[in-house]
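Notes for the structure review
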Amino acid sequence: MNIAIQEHSQPLIIDGKATAQTVLDEIKSEVQQMKAQGIEPCLAVVLVGDDPASHVYVRNKVEKALYVGIRSLEYRMSADTEADTLLQKIDELNADATVHGILVQLPLPAHIDETAVLQRIHPLKDVDGFHSENVGGLSQGREVLTPCTPTGCIRLLKDTLGPDLSGLHAVVVGRSNIVGKPMAALLLKESCTVSIVHSRTQNIRDICKNADILVAAVGRPKMIDASYLKPGAVVIDVGINRIQENGKNRLVGDVDYDDALSVVKAITPVPGGVGPMTIAYLMKNTLDAARMQANIFKK
Ligand code: GUN
């Protein structure tokens, strides 16, 4: 009698914290080289209002900038700041040649038009990659500043699957401007076959089930369980959801991690997966912005 033995190797847990540290150390040495050439990369972070989560994010950004040797400037403005005051601050930072990157922490208070603010940042200083010039540039496949979280996800995918992602079917769950849409654009740039599914998509599960790469960025705790996954898929979980479980506060992703483990080839945990990569790529974008500006202003 022939018995078919199915190989079932352990899934790989993608260590975003370790990869982010590697990226930060690469940046650290590149910053040193740049400083030796007389350029000190500098990131300005603008925070409006008192959203506690935003304060934590901004503190982390400033801390990591210090670690890699990037100068950081922090501007805090009260929640009732007029849009014009914020726009003026951006104009000032745009005009300051010693500032290479500008990040306005989102979300902004409801009375301020977010798009108008993001569009005011000079595209070469737009380290978030949210300006339409950069969004358009990415979609045309030009070398522009790209959003930090999806760019970090591409790095994790290449570290896991090798540098060539071409021909793989990638499904992005979610269509936000910050993650879903730029993620799809970056995967397309890598020659993946890309599907985007969202709240109005029919048969989400069937589409996900075909994914070699699944990126979840919807903000719905544990929405993706094993029944959505193709055996051997690589799963990147961008979700960070705070839930109550057994009377305790817990952070979980958009993927039901424990359930998914039985089918995936590799998966990012939450926390410790995608999260740390976002800040690492913000530092990378600041370095790239400083380089781009140095080249342009040398002419
Ligand atoms: N708030 C949550 N994520 C982000 C981000 O990627 N950039 C900015 N500027 N604000 C955020």
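Residues numbered from 1 in each chain as written. Predicted model: local features only at pLDDT ≥ 70, side-chain atom pairs only at ≥ 80, totals over all residues. Heavy atoms only, no water.

Some words on the overall build of the chain
Of regular secondary structure, the chain possesses ten helices and eleven strands. Rg of the C-alpha trace for the chain: 20 Å, near the compact-globule value of 19 Å for 299 residues, within the 12% margin. Its C-alpha atoms give the chain principal-axis dimensions of roughly 75 × 40 × 35 Å. Counting across all 299 residues of the chain, residues that qualify as buried make up 47%. For the chain, the share of sequence-separated contacts (at least 6 apart) that also reach a separation of at least 24 residues comes to 69%. For the chain, the accessible surface area stands at approximately 15000 Å², while carbon and sulfur atoms represent 50% of it. For the chain, the distance from the average position of its 31 positive side-chain charges to the average position of its 35 negative side-chain charges is 2 Å. (Helix = DSSP H or I, 4+ residues; strand = E, 2+ residues; numbered from the N terminus. Rg over C-alpha atoms; globule rule 2.2 N^0.38 Å. Buried < 20%, exposed > 50% of the residue type's maximum accessible area, 1.4 Å probe, protein only. Contact = heavy atoms within 4.5 Å. Areas by Shrake-Rupley, 256 points an atom, 1.4 Å probe, with all protein chains shown as cover. Lys, Arg positive; Asp, Glu negative; His and termini not counted. Charge placed at Lys NZ, Arg CZ, Asp CG, Glu CD.)

Notes on the confidence of the model for the chain
Mean pLDDT over the chain works out to 95, with 96% of the residues at or above the 70 mark. Ranking the elements of the chain by mean pLDDT puts helix α10 (residues 275-298) last, at 91, and strand β7 (residues 213-216) first, at 99. (pLDDT = per-residue confidence, 0-100.)

What about the UniProt feature "domain: Tetrahydrofolate dehydrogenase/cyclohydrolase NAD(P)-binding" (unreviewed entry) in the chain?
UniProt annotation of "domain: Tetrahydrofolate dehydrogenase/cyclohydrolase NAD(P)-binding" (unreviewed entry) refers to residues 147-293 when read in the numbering used here. A helix fraction of 35% and a strand fraction of 20% characterise residues 147-293, whose end C-alpha atoms lie 18 Å from each other. (UniProt positions renumbered as here; feature names shortened; annotations may be inferred.)

So, the site of the ligand
Close contacts around the ligand come from Leu103, Val104, Gln105, Leu106, Asp128 and Phe130, and that covers them all. In the environment of the ligand, a nitrogen atom lies 3.3 Å from a nitrogen or oxygen atom belonging to the side chain of Gln105. Within the side chain of Asp128, a nitrogen or oxygen atom sits 2.6 Å from a nitrogen atom of the ligand. Bound to the protein, the ligand loses 79% of the 280 Å² it would expose on its own. Looking at the shell around the ligand residue by residue, the class counts come to four nonpolar, one polar and one charged. (Near = heavy atom within 4 Å. Polar contact = N/O pair within 3.5 Å; in protein donor to acceptor, adjacent residues only side chain to side chain. Nonpolar A, V, L, I, M, F, W, Y, C, P; charged D, E, K, R; others polar.)

Quick word on the pairing of strand β10 (residues 248-252)
Where strand β9 (residues 241-245) and β10 come together, five bridges link them in antiparallel fashion. Pairing of Ile243 across the sheet is with Arg250, part of β10. What sits between the antiparallel neighbours β9 and β10 is a turn of two residues, in which Asn246 has the positive phi angle 50°. (Pairing = 2+ DSSP bridges.)

Focus on the sheet that holds strand β4 (residues 101-104)
Across the sheet, which stays open at both edges, the three strands sit in the order β3-β2-β4 with parallel pairing between neighbours. Where the open sheet ends on each side, the last strands, each with one partner, are β3 (71-77) and β4. Within the sheet, the average angular offset between the axes of one strand and its neighbour, ignoring direction, is 15°. Here strand β2 (residues 42-48) runs beside β4; their pairing, made up of four bridges, is parallel. The partner of Leu43 across the bridge, within β4, is Gly101. With respect to the sheet, helix α3 (residues 83-95) is in contact with β2, β3 and β4, its orientation differing from that of β3 by roughly 165°. (Axes fitted to C-alpha atoms, helices over the stretch in contact; angles between N-to-C directions.)

Notes on the environment of His100
With respect to the helices and strands, His100 occurs in the loop between α3 and β4. For His100, a relative accessible area of 6% translates into the label buried. For the pair His100 and Lys222, spaced 122 residues apart in sequence, the C-alpha to C-alpha distance is 38 Å.

With respect to the environment of Pro52
Residue position: Pro52 is located in helix α2 (residues 52-68). Given the relative accessible area of 59%, Pro52 is considered exposed.

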